[in-house]
Structures are given as C-alpha cells and as structure tokens.
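For reference, the chains in residue letters:
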Amino acid sequence: MSDGPRFPRTGTGTGTGTEELEHQKAAITRLGHELRALVEATVRTDASPDTLHRVADGVRTVTGRLTGRRRARGEIPEVDEFPAGPRFYSPVTGAGSPLAPPMRVMAADDGLIGECTLAGTHEGPPGYVHGGVSAMLLDELMGRACAAAGTPGLTVSLQMRYHRPVLLETPLRIIARVTGTDGRKIFVNGSITSRTAAPDASLVTAEGVFVTPDPDSTRALFPGLQRVMARELRG
Ligand SMILES: CCCCCCCC(=O)SCCNC(=O)CCNC(=O)[C@H](O)C(C)(C)COP(=O)(O)OP(=O)(O)OC[C@H]1O[C@@H](n2cnc3c(N)ncnc32)[C@H](O)[C@@H]1OP(=O)(O)O
C-alpha cells in the first residue's frame, strides 16, 4: 500500500460549509486509508501473542475516541452524494471504509468500469479473492450502473459464474453494463478480469436483475433520503 495522499489534518472551523465538508472528506479518507493498512497488517502479521495483546489494547483505546454521536441507522452522511455519487462508507467504494479496497469507478461508453487491487483482507482460497467479495464488487458496480443509466434499483437476483480464481495483489477491472429494462426491472451484466494477465479472459461473470422500488416503497425503505433532499433544497 502507498503512504496515501496528504491532507490537511483539521478543519479551521472558520471556512465555508463547502470547505468544512472538504476537510471532513479529507479526514475520513485519511482515517480510512490508515484503517485499511491496519486491517491488512492484522491479517498478514506473524507477531507474537504479547504484541497482538498490546495492539488490541491500543486499538480499544483508539476506538473509544470515536464513540461520540453516532449516525442513526439509515441516516445518510452529509459527505455522501446519495444515490448516484460517492458514498464514503460503502464497503466497496468508500474511501472511509476499512472494508473497501476501495474500488475506483469510472464512466465507460456503455456502463461503468471499476478498478481495484485486493490483498489479504479479501482472501478466500489461499492467494485468491473470496467468492463473496467478487459478488460484492459486482453487485455494487452493477447497482451503480443502474443509477448511472437513470434507473436506480435494488438487486433482486444476482447470478454468479466463477470461471477462474481471481488472484490477490493483481490489478482488476470490473465492468457493469445495463442490457435492458422491462417496467421497473433492470437487467445488468458484469465481469471481472485481470488488467495485466490475459485481460480479455473473464474470471467472474454475473447476470443481475435490479428493481426500482415504487415511490411508496422508496419512501418507506429510505426515510433518510427525504432528509437529504430537504437538505439540498435548503442549499
Ligand atoms: C447507489 C448504488 C448502490 C448499489 C448497492 C448494490 C445493490 C444492493 O446491494 S441492493 C441490496 C440488496 N437488495 C435488496 O435488499 C432488495 C430486497 N428486495 C426488495 O426490497 C423488493 O424486492 C423490492 C423493493 C426491490 C421490489 O419489491 P416490489 O416493488 O414489491 O417488487 P415486485 O412487485 O415483487 O417485483 C417487481 C418485478 O420484479 C420481478 N422480480 C422480483 N424478484 C425477482 C427475482 N428474484 N428475479 C427476477 N425477477 C424478480 C417481479 O416478478 C416483478 O416483475 P413483473 O413486474 O414483470 O411482474
């Protein structure tokens, strides 16, 4: 892992709302980077039990510093651009999530492309990516492809085919493409390939069906969304 980007350490408290938000995003990104390094070091270390106990004590102390006000379940963080933009704590793309590789997402001609490299944190068979993690990458990108196409939806079906094991520590390309719609149903294809070894050979492919909830279901499922829209209307 790299040392990560350098960010200002604290907000000034005197900037505009936008500046404060940018400071917040930078701090979230920096902590996410350090936590990811901690998780990777944890699953790869050969340290002694004494060292592991000392580190566990230290981590417990650090955790204690983050237990002030917590977001309520379903509350959308102010830094997020939900549903179409970056989500800072997504377990796949979130700069602030220690679970996220994080996958970078880019627009392509006919869908979205994701890029990431996975390591020990996401291991399944020794040396290879966990199959559930491959499904998670694809589910996220395929869901975002629906939103990018103007038809946001939730996964109702995700059929995975694992053709070859996905190597750890190898740059990956994930592709998602909406292939059609039928009423509220959206059909999406996805694949994972290596960006370096045999980039044309799909390691994993997926076919998904996503459904746009009707307006009543959307309101019931995502009460936090109403608050975000009200926040944006207030400017
Ligand atoms: C911002 C991007 C983030 C990306 C995140 C990644 C995506 C995710 O992980 S989403 C989280 C996982 N998914 C979920 O939790 C969804 C759980 N499911 C639900 O809540 C509901 O099924 C919901 C709200 C989506 C749809 O419910 P509802 O509106 O009642 O749909 P319903 O009327 O049953 O079905 C709609 C259509 O879909 C079809 N359908 C439903 N389930 C399936 C299925 N498993 N396979 C195929 N078709 C299905 C129905 O047959 C129906 O088709 P038709 O209109 O032709 O009769």
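As named in an unreviewed UniProt entry, the chain is Acyl-coenzyme A thioesterase THEM4, taken from Streptomyces coeruleorubidus. What UniProt records for the chain under Sequence similarities (unreviewed entry) is the sentence "Belongs to the THEM4/THEM5 thioesterase family."

**Student:** What am I meant to see in the overall build of the chain here?
**Tutor:** Across its full length, the chain carries five helices and six strands. Moving toward the C terminus, one meets the helices and strands of the chain in the order α-α-β-β-α-β-β-β-β-α-α. Computed over its C-alpha atoms, the radius of gyration of the chain comes to 20 Å, within 12% of the 18 Å expected for a compact globule of 235 residues. C-alpha extents for the chain along the principal axes are approximately 55 × 50 × 30 Å. Split into buried and exposed, the 235 residues of the chain put 22% on the buried side. Across the chain, every contact between residues at least 6 apart in sequence was considered, and the portion connecting residues at least 24 apart equals 61%.

**Student:** Would you explain the nonpolar core in this entry?
**Tutor:** Grouped burial of nonpolar side chains is what soluble globular proteins tend to show. The biggest cluster of nonpolar side chains holds 29 residues, and the ones touching the most others in it are Leu138, Leu141, Ala145, Ile174, Ala176, Val188 and Ile192. Put simply, the parts of the chain that give this core at least two residues each are strand S2 (111–117), helix H3 (131–148), strand S4 (171–182), strand S5 (185–194) and strand S6 (204–211). With seven residues, the top contributor of residues to this core is H3. When sequence neighbours within four positions are dropped, the list of residues in contact with Ala176 reads Gly111, Leu112, Leu138, Leu141, Met142, Ala145, Val188 and Gly190.

**Student:** Can you walk me through the site of the ligand in this structure?
**Tutor:** In the vicinity of the ligand lie 18 residues, with Gly143, Leu154, Val156, Ser157 and Pro213 positioned nearest. Contributing elements (two or more residues each) for the shell around the ligand: H3, strand S3 (154–162) and S6. It is H3 that contributes the most residues to the shell around the ligand, five residues altogether. Of the residues belonging to the shell around the ligand, the class tally is seven nonpolar, five polar and six charged.

**Student:** It is not clear to me how unusual backbone geometry should be interpreted in this structure. Could you clarify?
**Tutor:** Peptide bonds are trans in most cases, and residues, glycine excluded, mostly fall at negative phi. Across the junction of Pro101 and Pro102, the peptide omega takes the value -15 degrees, indicating a cis bond. Here Pro102 lies in the loop between helix H2 (49–64) and strand S1 (104–108). The backbone of Glu169 shows a phi angle near 55 degrees, a positive value even though the residue is not glycine. Mapped onto the fold, Glu169 is located in the loop between S3 and S4. A positive phi angle, close to 45 degrees, is found at Ala198, a residue other than glycine. Take Ala198: it is sitting in the loop between S5 and S6.

**Student:** What am I meant to see in the environment of Glu140 here?
**Tutor:** Among the secondary structure elements, Glu140 is positioned in helix H3. According to the C-beta neighbour criterion, Glu140 is buried, with 25 such atoms within 10 Å. The spatial distance from the C-alpha of Glu140 to the C-alpha of Ala176 is 9.3 Å, given a sequence separation of 36 residues. Apart from the residues within four sequence positions on either side, Glu140 is in contact with Ser90, Val92 and Thr93.

**Student:** What is the right way to read the environment of Arg104 from this model?
**Tutor:** Along the chain, Arg104 falls in strand S1. In this structure, the C-alpha to C-alpha distance between Arg104 and Gly208, residues 104 residues apart in sequence, is 21 Å. When neighbours within four sequence positions are excluded, Arg104 is seen to be in contact with Gly114, Glu115 and Cys116.

**Student:** I keep staring at the pairing of S6 and nothing clicks. Help me out?
**Tutor:** Only one face of S6 is covered, namely the one carrying Val204, Ala206, Gly208 and Phe210; the face carrying Thr205, Glu207, Val209 and Val211 has none of its residues buried. Judged from the eight bridges that link them, S3 and S6 form a sheet pairing that is antiparallel. Bridge assignment links Thr155 to a residue of S6, and that residue is Phe210. Of the pairings in the sheet, the one linking S5 to S6 comprises eight bridges and is antiparallel in character. What sits directly across from Asn189, in S6, is Glu207.

**Student:** I tried to follow helix H1 (residues 17–44) on my own but got confused; where do I start?
**Tutor:** Three- or four-residue spacings in an α-helix give side chains the same orientation, since the helix completes a turn every 3.6 residues. Across its 28 residues, H1 extends 41 Å between first and last C-alpha, which sits within 8% of the 40 Å expected from 1.5 Å per residue. For H1, the full list of buried residues reads Gly32, His33 and Arg36.

Definitions and cut-offs
- Residues numbered from 1 in each chain as written.
- Predicted model: local features only at pLDDT ≥ 70, side-chain atom pairs only at ≥ 80, totals over all residues.
- UniProt positions renumbered as here; feature names shortened; annotations may be inferred.
- Helix = DSSP H or I, 4+ residues; strand = E, 2+ residues; numbered from the N terminus.
- Rg over C-alpha atoms; globule rule 2.2 N^0.38 Å.
- Buried ≥ 20, exposed ≤ 12 C-beta atoms within 10 Å, placed from the backbone.
- Contact = placed C-beta atoms within 7 Å.
- Core = buried A, V, L, I, M, F, W, Y, C linked by C-beta atoms within 7 Å.
- Near = placed C-beta within 6 Å.
- Nonpolar A, V, L, I, M, F, W, Y, C, P; charged D, E, K, R; others polar.
- Pairing = 2+ DSSP bridges.
- Expected span 1.5 Å × (residues − 1).

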